[in-house]
Amino acid sequence: MSDFAELHFNGEVYKIPIIEGTENEKALDISKLRGESGLITIDPGYKNTGSTKSAITFLDGEKGILRYRGYPIEQLAEQSSFLEVAYLIIYGELPNEEQLNKWRVDITYHTLIHEDFKVLLEGFPSNSHPMGVLSSLVTSLTAFYPESLDPVRSADEVYMNIIRLIAKLPTIAAWAYKNEIGQPLMYPKNDLDYCGNFLKMMFGTPSEDYEPDPVIIKALNKLLILHAEHEQNCSTSTVRIVGSSHASLYASVSAGINALWGPLHGGANQAVIEMLEAIRADGGDANKYLEKAKDKNDPFRLMGFGHRVYKNFDPRARIIKKAADDVLSKLGVNDPILDIAKKLEAAALSDPYFVDRKLYPNVDFYSGIIYRALGIPTNMFTVMFAMGRLPGWIAQWKEMRENGEPIGRPRQIYTGENERDYVELSKR
Ligand code: SDX
């Protein structure tokens, strides 16, 4: 294989180096292109543009492959726990028993958040969307931990910044929910595991004890693992570019939370359920909505379908679809929108519009059905996605800083007015 490509332009020939990754992916290294040829490239949405080299996640969109640090997502979802996967993603290796115990203990003992968070929470109107509360309160961690503003001062500081964020996000999320529904805040309990603690803070009340169902804890672990990392997606790229200005981890992750909120990205899991409920309310006619999705004059999209990278089944969707059947049957939940989702999927997968465009169910298509069965309210679904994606955001931010990557500052092609002189008001 040639290790460079030739660009012929204006009578000149430019050699552009080809780089190759450990999974034989190849890229043109254009880092010197403008200096040598005066040319830049342009690629709206970065559909063909790599922003970095990373050792964290490998995706193969054609084959539906997803691996965290080389481990297949199917094995991790079945055999691991969310905290163990978080350690793997951030530090690159599965922890041994001593490392895992220390990781768990350090996280458990930092789940409490400062009482002044209550003052911040009271400032939000009761109908505030929890994603807005979450990103605001994550940024406010910089106020409670000002040392985090110099995020890479020492390895110990970086570790503590990471521990505090992973430990406190579930507490912040559960408090945002309790604040929204006007229920008393519940405090973390150190004798519960990560998912059990979150569920107790979400659904427990001072007036009655709440014991998280092991089926729900297992399902939540699996969902968080499946959402934990996904290379250079929109929100992770946001975390990287904000972090590239040497902003703190907390400020960078808060930006990622806001990027994830969009309905084309992590907000899709909420949009899927709203779509399925609308279809159900309208008589459950899947084909009617498929036609709407295909109609270019209709803004309706089949939420939970399609993906920038996966042009085959999203491997996470395959696992979540099976888990949805398992969880609903174990919990004895019969949710009619699961049947609508399956009808919609079957119809789309045999429709030329979707087949030709390689539009398959993505991670968001079935996840909301499980969250619903777990009792999690719809407007908390993207918060669940953020909780899952946190290790990925942290790992990518850490890798970018450790690799000393430059501040992100894309170029552009100007298409505005050419130079013209100022015209005084009386002459306009
Ligand atoms: C996530 O990047 C990641 O890794 C993201 C994620 C992660 O883990 O971080 O996997 C999580 O964000 C999953 C995606 C969740 N979003 C949705 O489910 C929203 C619905 N999907 C789409 O909006 C869309 O498929 C995207 C945003 C996911 C991908 O958009 P692209 O890659 O920019 O593709 P496109 O919009 O250019 O679509 C290509 C064609 C177009 O038709 P033509 O112009 O060729 O005729 O497919 C059509 C689109 O109109 N199309 C759809 C469609 N998705 C694409 N038509 C109907 N319904 C859809 N859902």
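Residues numbered from 1 in each chain as written. Predicted model: local features only at pLDDT ≥ 70, side-chain atom pairs only at ≥ 80, totals over all residues. Heavy atoms only, no water.

### A word on the sheet that holds strand β5 (residues 65-68)
The condition that has to hold: Two strands pair under a simple rule: DSSP has to find at least two bridges between them. Secondary structure elements are defined from DSSP: runs of H or I of at least 4 residues count as helices, runs of E of at least 2 residues count as strands, and each element is numbered from the N terminus.
Ordered in space as β4-β5-β6, the three strands form an open sheet in which the pairing is antiparallel. If you trace the sheet from one side to the other, it starts and ends with β4 (57-60) and β6 (71-72), each paired once. Relative to β6, β5 runs antiparallel, the two sharing two bridges. Opposite Tyr-68, over in β6, you have Tyr-71 as the bridge partner.

### Structural notes on the pattern of salt bridges
Applied cut-off: Any carboxyl oxygen of Asp or Glu that lies within 4 Å of a side-chain nitrogen of Lys or Arg is treated as forming a salt bridge with it. Burial status follows relative accessibility: with a 1.4 Å probe on protein chains alone, a residue under 20% of its type maximum counts as buried, one over 50% as exposed, and anything between as partly exposed.
Under the definition given, this model contains 24 salt bridges. Arg-67 is the salt-bridge partner of Glu-23, the closest N and O atoms lying 2.9 Å from each other. Highlighted residues: Glu-23 in the loop between β2 (12-20) and β3 (26-28) and Arg-67 in strand β5, separated in sequence by 44 residues. Of the charged contacts, one joins Lys-200 and Asp-209 as a salt bridge, the two residues approaching to 3.0 Å between their closest N and O atoms. Overall, Asp-209 belongs to the exposed group, its relative accessible area being 64%. Several salt bridges share partner residues, and in doing so they unite Arg-240, Glu-399 and Glu-405 into one network.

### With respect to the domain arrangement of the chain
Accessible area lost during the coming together of the parts is what is often quoted as the interface size. The condition is simple: For each domain, the first and last residues come from an automatic or database assignment.
Considered domain by domain, the chain is made up of domain 1 (4-65) and domain 2 (71-226 + 249-262). Computed from C-alpha coordinates alone, the two centres of domain 1 and domain 2 are separated by 37 Å.

### So, the packing of aromatic side chains
To keep things clear, this is the line we draw: A pair of Phe, Tyr and Trp rings is counted when the ring centres sit within 6.5 Å of each other, with Trp represented by its six-membered ring. The angle between the planes then sorts it: under 30 degrees is stacked, over 60 is edge-to-face, the rest tilted.
Under the definition given, this model contains 16 aromatic pairs. With a centroid separation of 6.3 Å and 55 degrees between ring planes, the pair formed by Trp-103 and Tyr-159 is classed as tilted. Here Trp-103 is found in helix α4 (residues 97-108), whereas its partner Tyr-159 is found in helix α7 (residues 155-181), with 56 residues between them in sequence. Residue class for Trp-103 comes out buried when judged on its relative accessible area of 1%. Both rings, one in Phe-117 and one in Phe-144, keep their centres 4.6 Å apart while their planes meet at 15 degrees; by these two values the pair is stacked. You can see Phe-117 sitting in helix α5 (residues 117-122) and its partner Phe-144 sitting in helix α6 (residues 130-144), a full 27 residues away along the chain. Of the residues examined, Phe-117 reaches a relative accessible area of 1% and is grouped as buried.

### A closer look at the pairing of β2
Successive side chains on a regular strand alternate, one facing one side of the sheet and the next facing the other. Pairing analysis gives six bridges linking strand β1 (residues 4-9) to β2, with the strands arranged antiparallel. Counted as the bridge partner of Ala-5 is Ile-16 from β2. Here β1 folds back onto β2 in antiparallel fashion, the turn holding two residues, of which Asn-10 has a positive phi close to 50 degrees. The pairing of β2 with β3 spans three bridges and is antiparallel. Across the sheet, the residue bridging to Ile-19 is Ala-27, located in β3. Linking β2 to β3, which pair antiparallel, is a turn of five residues; within it Asn-24 sits at a positive phi near 65 degrees.

### Structural notes on the sheet that holds β2
Here is the rule: For helices, the fitted line uses only the C-alpha atoms of the stretch in contact; every axis is such a line through C-alpha atoms, and the angle between N-to-C directions lies from 0 to 180 degrees.
The strand order across the open sheet formed by three strands is β1-β2-β3, and the pairing between neighbours is antiparallel. The open sheet has two edge strands, β1 and β3, and neither has a second partner. In this sheet, adjacent strand axes meet at a mean angle of 30 degrees when their direction is disregarded.

### Quick look at the site of the ligand
This is how the line gets drawn: Here a residue is near a molecule or strand as soon as one of its heavy atoms is found within 4 Å of it. Between N or O atoms, a polar contact is any pair within 3.5 Å; within protein, one atom must be a potential hydrogen donor and the other a potential acceptor, and residues adjacent in sequence are included only when both atoms are from side chains. Computed by Shrake-Rupley with a 1.4 Å probe, the accessible areas treat only the displayed protein chains as cover when residues are assessed. Ten residue types, Ala, Val, Leu, Ile, Met, Phe, Trp, Tyr, Cys and Pro, are classed as nonpolar, four, Asp, Glu, Lys and Arg, as charged, and the remainder, Gly among them, as polar.
Of all residues adjacent to the ligand, which total 25 residues, the nearest are His-230, His-307, Arg-308, Arg-316 and Arg-389. With respect to the ligand, the side chain of Arg-301 contributes an N or O atom lying 2.7 Å from an oxygen atom. Side-chain polar atom of Arg-308 to an oxygen atom of the ligand: 2.7 Å apart, as the coordinates give it. Out of a free accessible area of 1,100 Å², the ligand has 80% covered by protein chains. Of the residues contributing to the shell around the ligand, the split by class is 10 nonpolar, seven polar and eight charged.

### Describing the environment of Arg-104
Here Arg-104 is to be found in helix α4. Taking relative accessible area as the criterion, Arg-104 reaches 35% and is therefore assigned partly exposed. On a C-alpha basis, the gap between Arg-104 and Asn-418 in space is 60 Å, while along the polypeptide they are 314 residues apart.

### Thoughts on the packing of helix α14 (residues 315-331) against helix α17 (residues 363-373)
Helix packing for two helices is described by the angle between their axes and how far apart those axes are. Cut-off, in case you're wondering: Oblique is the label for any angle not under 35 degrees, not over 145, and not in the 65 to 115 range, which are roughly parallel, roughly antiparallel and roughly perpendicular in turn. Note on convention: near helix rotated counterclockwise from far helix by under a right angle means a left-handed crossing. Clockwise means right-handed. Only heavy atoms matter for contacts: two residues are in contact if any of them lie within 4.5 Å across the pair.
Direction vectors running N to C along α14 and α17 enclose 20 degrees, while the axes themselves pass 8 Å from each other. By the angle between their axes, α14 is roughly parallel relative to α17. Two packed elements cross with a definite hand, and for α14 against α17 that hand is left-handed. Of the residues in α17, those in contact with Arg-316, Ala-317, Ile-320, Lys-321, Ala-323, Ala-324, Val-327, Leu-328 and Leu-331 of α14 are Val-363, Tyr-366, Ser-367, Ile-369, Ile-370 and Ala-373. For the contact of α14 with α17, the residue count by class is 12 nonpolar, one polar and two charged.

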